[in-house]
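Observations on chain architecture
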Amino acid sequence: MLDARHPAANDRRIEALLLHHEIDAFNAAYAAALDEQRLTDWVEMFTDDAFYAVISRENADRDLPVGLIYCENKGMIFDRAFALEKTAMFAPRYLRHVIGNLQVFGAEPNGDIRARANYVVVQVLFDRPEAKLHQVGVYYDKFRRVGDVLKLAERRCVYDSLLVDNALCIPV
Amino acid sequence: MLDARHPAANDRRIEALLLHHEIDAFNAAYAAALDEQRLTDWVEMFTDDAFYAVISRENADRDLPVGLIYCENKGMIFDRAFALEKTAMFAPRYLRHVIGNLQVFGAEPNGDIRARANYVVVQVLFDRPEAKLHQVGVYYDKFRRVGDVLKLAERRCVYDSLLVDNALCIPV
Amino acid sequence: MLDARHPAANDRRIEALLLHHEIDAFNAAYAAALDEQRLTDWVEMFTDDAFYAVISRENADRDLPVGLIYCENKGMIFDRAFALEKTAMFAPRYLRHVIGNLQVFGAEPNGDIRARANYVVVQVLFDRPEAKLHQVGVYYDKFRRVGDVLKLAERRCVYDSLLVDNALCIPV
């Protein structure tokens, strides 16, 4: 409960809530950008030196860095996004992200904010009627404020599914 | 962070959070009404002149208004809900909604609030053991305050799955 | 909107929001404990006299108490968790919870807080590539504050899926 004798403690709780909400809103916008194929918007959600990787849970558990996608800065993230768009190497499909179970772990000494969330990506291939679970996993994140804007300085997507289909290289 | 020099700015952020929470709670109650087959409760969540439609992503992308369900007011929504209940035209099943990734876009000049959210409907047929993804998609919404109560003035359900099974006409 | 003339009403709304957030964070931590197989952490999220059961929707609707799992206190919950770990009676798999649609119903006379949430558990078997819906359902909960810590005094997991596979006895 709010405690009139400890306004500073109340403020801290409200601030934690506002930060949680801000990251939640970020994740909803992130999902919408990918689901609507707005890849430029998606790329702009990362810092210039952002780390972005998609790694199997099996490899992550063993600290193996090998992943489906491995980007060490925004340029590599951009290339990855638009290489995909140009080659159209995969069957046409709809994707739909649901991001839930957000946990925000507070700030590091440099101000970066650690967080994690579970994600589910559902896919509908144009030539197959059924929606399928394309990928499920966890985002391990580091958020950073650039000016007034929250960006991802790091997103490691660790997926549970051991095999993925011919679209394995799409960003999630 | 909360800024003691700008109490009005703090209040705006807290108000945005309260509104987000209110719509989130609305969506949870909406899902529960459908999942528990409380269709009268479901109908009451719309304004008298509400627009409610269930449209494929394919048609929505081409601005085709053709949909599985198309209701231009609460009377039509009521009819749709209870036509279903009376005819029992579909195999008995359980449904379970998960609504996530809520985005609230602020108020229009008339006070209506635009929002969107992703939805997943999981179905369990009584004679088949496995839970299946029945429908995934996006709610594009316009909320309106009627007295103290938040209602839907518009909900367009745009689904990704291209085919749906024999229950295609159930509200989502 | 916040109303400067009614600070007490504003505070009540903010308090409801903080409580909702606290339970939401609890559920995210609960899911993470199970997904990461940290079963000791999971057991510690219950009160000593906690009731924990996993029941089919069919039986719950008929008020039949028969369930897959039925624990009347923390000792039984502990036994259930670690019996599982010792026997390894099921094929190795990854699990991933998504908990959404949280509804918080306010406090009972003794201070316990009633809440509910929908859950989806996705499973990936090590020897099968596809992620599958393992279980979907609802948590019907009673939370209690023990010192400063929120714990579950009761969690009834009511699942929609009528059949479950050989892992039917895992906690969810």
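For the structure given in this document, a descriptive report is provided here. Given the structure is predicted, the values throughout are model-derived calculations rather than measurements.

What counts, and at which threshold
Residues numbered from 1 in each chain as written. Chains lettered and ligands numbered in written order. Predicted model: local features only at pLDDT ≥ 70, side-chain atom pairs only at ≥ 80, totals over all residues. Heavy atoms only, no water. Contact = heavy atoms within 4.5 Å. Buried area = accessible area lost by both parts, 1.4 Å probe. Salt bridge = Lys/Arg side-chain N within 4 Å of Asp/Glu carboxyl O. Polar contact = N/O pair within 3.5 Å; in protein donor to acceptor, adjacent residues only side chain to side chain. Helix = DSSP H or I, 4+ residues; strand = E, 2+ residues; numbered from the N terminus. Nonpolar A, V, L, I, M, F, W, Y, C, P; charged D, E, K, R; others polar. Buried < 20%, exposed > 50% of the residue type's maximum accessible area, 1.4 Å probe, protein only.

1. Side note on the interface of chain C and chain B
One frequently used descriptor of interface size is the decrease in accessible area upon assembly of the parts. At the interface, 25 residues of chain C touch 28 residues of chain B. When chain C packs against chain B, the two sides together hide about 2,400 Å² of surface, and 63% of this comes from carbon and sulfur. Linking chain C with chain B are 3 salt bridges. E36 of chain B is the salt-bridge partner of R116 of chain C, the closest N and O atoms lying 2.6 Å from each other. Linking chain C with chain B are 7 residue pairs in polar contact (both at pLDDT 80 or more). Elements represented by at least two residues in the side of chain C that touches chain B include exactly α1 (7-35), α3 (57-61), β3 (93-107), β4 (113-125) and β5 (132-146) of chain C. Per-element accounting of the side of chain C that touches chain B gives the leading share, 6 residues, to β5 of chain C. Class assignment for the residues of the side of chain C that touches chain B results in 12 nonpolar, 6 polar and 7 charged.

2. Description of the pattern of salt bridges
All names here are of chain B. According to the stated counting rule, one finds 57 salt bridges over all chains in the structure shown. The residue R96 makes a salt bridge to D35 at a minimum N-O spacing of 3.5 Å. You can see R96 sitting in strand β3 (residues 93-107) and its partner D35 sitting in helix α1 (residues 7-35), a full 61 residues away along the chain. For the residue pair R96 and D35, the accessibility class agrees, reading buried in each case. Between R114 and E154 there is a salt bridge, and its shortest N-O distance comes to 3.9 Å. Residue R114 is located in strand β4 (residues 113-125), and its partner E154 is located in strand β6 (residues 149-159); the two are separated by 40 residues in the primary sequence. Judged by relative accessible area, which is 30%, R114 ranks as partly exposed. Overall, the relative accessible area of 15% leaves E154 in the buried class.

Just distances and angles here, no functional claims.
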